[in-house]
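Fold and contact review
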Amino acid sequence: MIPLSLGEIATAVGGTVEGDDAVTVTAPAVLDSRQAEPGGLFVAFAGEHADGHDYAVQAGRAGAVAVLGSRPTALPTVVVEDATAALQALAAHVVTRLRDRLTVVGVTGSRGKTSTKDLLAAVLSSSAPTIATIGSLNNELGMPLTMLRSTDATRFLVLEMGVRRIGDISKLTGLVAPDIGVVLNVGQAHLSHLGSREAIAQAKAELVQGLAPGGTAVLNADDPRVAAMRSLTDHPALTFGQTQHADVRVLDVVLDRLARPSFTLRTAAARAPVTLPLVGTHQALNASAAAAAGLAAGVSLEVAAAALPTASLSKWRLELRDLAGGATLLDDSFNADPDSTRAALDTLAAIEGKRRIAVLGEMLELGDDSAAQHHAIGSTPPSGPTSCSRSAPGRSPTAPASQRWHWPTTPRPSSGCAPGSPPAMSYSSRPPAGRASTRSPPRSRPGPTRGDGAACARVHRSPDTGRSLALRVTANGHTRFQHPEPVSAPPKAPARSSANSGTRPDDPEQYGDTARRQEAFVVLMGQIACRSARVEPCLAGCNAAQEHREGNHGRMTSAEAAVIALQDQTTLWSMGEVRASEVVVAACDALVAGLDAPGLRILAACTRAEADYDVPDLLPEALNELGLTFNPVVGRAGKEAAARALARHLLNGRLTPREFARRIHQRHGHDLPLTERLAELDDEYDLLEHGDRTADEIDTEVRAEARRLAARPTVPAEPTDRHS
């Protein structure tokens, strides 16, 4: 962000300054107090469940020097009536000051926006300093935050633009009119909001209609609805795609064994080979869009082609990783629509390997067509573009029946599913065998948020029939995590197949529809596979304590670490340090680590939107089944458990020594014998200027105290003092 005094900010946004108006903001604005940077601006909103103004002090500790909000705070504050409008006005003001030397690129589309934005950022940054949207912050709050990251050195600003209703993109282009507008496609995302593909096209076309004078539209020649947008603007247009008349054309797509594409980009004047480290044939089209936008910005095709392989995608977009046991995981869990889900499954089919797992985001906001779209995904075999040089089993609609995808053909509506879940999904709403459900009927809840749930497709071949099996689970229903049981079984069916072994009846066709439904085992939730990497940081922190206690012997297993993490997150949640959704994540990690209990499965099945409602009810029984204790923080045992949990957070890098000592001091003062020394050390931090110790020396002692606390992995029945 360019340096601005609070007085200048107040003038730009129409607010007043409470405090020192000479304070200067030099770092980006943030909405999360934990993400504040030294010299930054914390934007506070008063929400339904939390008031950001209450976190101003925490933002100050992280480095923020001021607040933009609707009431005064402990930090110097620019007070406004509407924080959203003020944030947007400030962003527009900053970009206007930089506009003469800044090229702004807008990117929109029903799918592929974030991946294309990441590819384009790599292309443009190879030529000049570039700022691009982080992740998918593409709405009326996220885009201003990106704009405010611009500095005097920035030459390219890449803005991802999302849409939920007609007029959204017009509002965004009203903040800054792009010099280049990229429209990728018109798909089926947000059908529930916009009603039809035509309305979606109208909403996306607002980008080309809102270009700055002298701007350029970059359009997908393969999508008729996008290509037609050329007639909606007087600005010149560049096209990309596989069709012969595309200005930037994709040719000769070849996939390697991990489905990473190599291809050629061709224009009228040049051609350049490209090999991407990303997975999926569709990434070639995204790359051509980035190259076309680069040409519009003055970056040659050769330079763009050399830069594309250096791009790294945002999280949860077709991430490929190897799992224990030789399995390959494809993580595309951020979001999904029917087209992106097909692309992900095509990619999964193209990857070579004995066991492949896809973690897919839920297809939400499909409106009345939701059930049909979900059913179509399950009944259509994966297929790839004819330009691919290699075909994987099941990719083509003409593949033999033994090589096609198989999903349940008879929908089984679930009365326990969250509102809006498509009845075509064939998962079970029953609790695990021998256990009555503890869930109450669904109640009105906020809609799902990013990362809430995921669909998990696991593909392998039966050793008996060679048939390709697909196993699926959603994470949006109520009791949709269950042992690998068939949804139903005929009386004479062979013993049930196992999701772990991949076996099934020798002759599935003789059982007709029921046998095909047996392929719909409810297996690991998408959340679990998606978040499995979180076990390792937890294990690192727990092993640090273990080594302190036992030297280098007896390192903890991931299961032991997951148990500790679950109890830690439970304790931290009870004291308000973490959200209920973090407890659900810890439950998922416990399942990944090999723990299993009916209550744990139900707890892990909560979505982020459900967590605040359901965790209080589900947690006690889940802990009891695992032999764990829940100690409220009002008691001494609970306070000691909280101290140990915070200690492990320090050891695995989630807190600094000073933050750890301060939190302990604030929570317990000098009254808890177990943490009395930490309170004293926090006082020593405050006296650094006058004392004879350095910050590094205090940090070292704080870490030693943390290892001492974390060396007791479980909460004792009776409280202890720090000398025990």
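If you look the chain up in an unreviewed UniProt entry, it shows as UDP-N-acetylmuramoyl-tripeptide--D-alanyl-D-alanine ligase from Streptomyces alboflavus. According to the UniProt record, the Pathway (unreviewed entry) comment for the chain is "Cell wall biogenesis; peptidoglycan biosynthesis."

On a plain count of helices and strands, the chain comes out with 24 helices and 21 strands. Within the chain, contacts between residues separated by at least 24 positions form 65% of all contacts whose residues are at least 6 apart in sequence. Carbon and sulfur atoms provide 50% of the accessible area of the chain, an area that totals close to 29,200 Å².

What follows covers the confidence of the model for the chain. With 71% of its residues at a pLDDT of 70 or more, the chain has an overall mean of 74. When mean pLDDT is compared element by element in the chain, strand β11 (residues 180-183) scores highest at 98, while helix α14 (residues 512-517) scores lowest at 29. Note that pLDDT drops below 50 for residues 384-556; the model gives that stretch 430 contacts with residues more than four away or on any other chain. Below pLDDT 50 for its whole length, residues 713-724 participates in 26 contacts with residues either more than four positions away or in separate chains.

Now for the nonpolar core. Counting residues in each nonpolar core, the largest one holds 54 residues, and the members touching the most others are Leu90, Met147 and Met229. In terms of domain composition, this core takes at least three residues from each of domain 1 (1-84) and domain 2 (102-310). In this structure, Met147 is in contact with Ala91, Ala92, Val94, Val95, Leu157, Leu159, Leu175 and Val176, ignoring residues within four places of it in sequence. Residues Ala132, Leu278, Leu308 and Ala311 belong to the second largest nonpolar core, which totals 40 residues.

With that settled, consider the sheet that holds strand β5 (residues 41-43). Taking strand neighbours across the sheet as the criterion, the 5 strands line up as β2-β7-β6-β5-β4 in an open arrangement whose pairing is mixed. For this open sheet the edge positions go to β2 (16-18) and β4 (29-30), each flanked by a neighbour on one side alone. Alignment of strand β6 (residues 66-69) against strand β7 (residues 77-79), held across 3 bridges, turns out to be parallel. Across the sheet, the residue bridging to Val67 is Thr77, located in β7. Packing against the sheet, helix α1 (residues 6-13) makes contact with β2, β6 and β7, and its axis sits at approximately 15° to β7.

So, on to the UniProt feature "binding site: ATP" (unreviewed entry) in the chain. Listed under "binding site: ATP" (unreviewed entry) in the UniProt record, and renumbered for this structure, are Gly109, Ser110, Arg111, Gly112, Lys113, Thr114 and Ser115. If you trace the backbone, Gly109 turns up in the loop between β8 (103-108) and α4 (113-125). What makes Gly109 buried here is its relative accessible area of 0%. If you trace the backbone, Thr114 turns up in helix α4. Non-local contacts of Thr114, meaning those with residues more than four positions away in its chain, are made with Gly135, Ser136, Glu160, Ser314 and Arg317.

Further remarks concern the pattern of salt bridges. Across all of its chains, the model carries 20 salt bridges by this definition. Between Asp612 and Arg579 there is a salt bridge; the shortest N-O distance is 3.1 Å. One end of the pair, Asp612, is in helix α20 (residues 608-625); the other, Arg579, is in the loop between α17 (558-574) and α18 (580-592), and 33 residues separate them in sequence. When its relative accessible area of 54% is taken as the criterion, Arg579 is described as exposed. Through salt bridges with shared partners, a single network forms among Arg677, Glu680, Glu684, Arg693 and Glu701.

This paragraph deals with helix α3 (residues 83-98). Across its 16 residues, α3 extends 23 Å between first and last C-alpha, which sits within 8% of the 22 Å expected from 1.5 Å per residue. Inspection of α3 places Ala83, Ala86, Leu87, Gln88, Leu90, Ala91, Ala92, Val94, Val95 and Leu98 among the buried residues, and these make up the whole buried set. Here α3 starts with a cap whose side-chain oxygen sits 3.0 Å from the backbone nitrogen of Thr84, and that cap is Asp82.

With mixed pairing, the 9 strands of this open sheet are ordered in space as β9-β10-β8-β11-β12-β13-β14-β15-β16. Of all strands in the sheet, those bounded by a partner on one side alone are β9 (130-132) and β16 (271-275). The mean inter-strand angle of the sheet, taken between neighbouring strand axes irrespective of direction, is 15°. Alignment of β9 against strand β10 (residues 156-160), held across 3 bridges, turns out to be parallel. Residue pairing across strands places Ala132 opposite Val158, the latter belonging to β10.

Moving on, we get to the side chain of Asp223. Structurally, Asp223 is set in the loop between β12 (216-220) and α9 (224-227). For the buried Asp223, which has no salt bridge, the nearest side chain bearing the opposite charge is Arg225, at an N-O separation of 5.3 Å. Among the polar contacts made by the side chain of Asp223, one reaches the main-chain amide nitrogen of Arg225 at a distance of 3.0 Å.

Turning to helix α23 (residues 676-686), a few remarks are in order. Within α23 the residues assigned to the buried category are Arg677, Leu678, Ala679, Leu681, Asp682 and Tyr685. Residues of α23 that are buried sit in contact with α22 (657-668) and α24 (695-710).

In this fold, Ser33 is placed in the loop between β4 and β5. Taking C-alpha positions, Ser33 is 9.9 Å from Asp54, a pair spaced 21 residues apart along the chain. Setting aside its immediate chain neighbours within four residues, Ser33 contacts Phe42, Tyr55, Gln58, Ala59 and Ala62.

Looking now at the packing of α1 against α3. It is the contact of α1 with α3, at a shortest axis distance of 8 Å, that shows an interaxial angle of 110°. Classified by the angle their axes make, α1 and α3 are roughly perpendicular. For the pair formed by α1 and α3, the contact residues are Glu8, Ile9, Ala12 and Val13 on the first element and Ala86, Ala89, Leu90, His93 and Arg97 on the second. In the contact of α1 with α3, the residues fall into 6 nonpolar, 1 polar and 2 charged.

The rules behind these values
Residues numbered from 1 in each chain as written. Predicted model: local features only at pLDDT ≥ 70, side-chain atom pairs only at ≥ 80, totals over all residues. Heavy atoms only, no water. UniProt positions renumbered as here; feature names shortened; annotations may be inferred. Helix = DSSP H or I, 4+ residues; strand = E, 2+ residues; numbered from the N terminus. Contact = heavy atoms within 4.5 Å. Areas by Shrake-Rupley, 256 points an atom, 1.4 Å probe, with all protein chains shown as cover. pLDDT = per-residue confidence, 0-100. Core = buried A, V, L, I, M, F, W, Y, C linked by side-chain atoms within 4.5 Å. Buried < 20%, exposed > 50% of the residue type's maximum accessible area, 1.4 Å probe, protein only. Domains from an automatic or database assignment. Pairing = 2+ DSSP bridges. Axes fitted to C-alpha atoms, helices over the stretch in contact; angles between N-to-C directions. Salt bridge = Lys/Arg side-chain N within 4 Å of Asp/Glu carboxyl O. Expected span 1.5 Å × (residues − 1). Polar contact = N/O pair within 3.5 Å; in protein donor to acceptor, adjacent residues only side chain to side chain. Lys, Arg positive; Asp, Glu negative; His and termini not counted. Parallel < 35°, antiparallel > 145°, perpendicular 65-115°, else oblique. Nonpolar A, V, L, I, M, F, W, Y, C, P; charged D, E, K, R; others polar.

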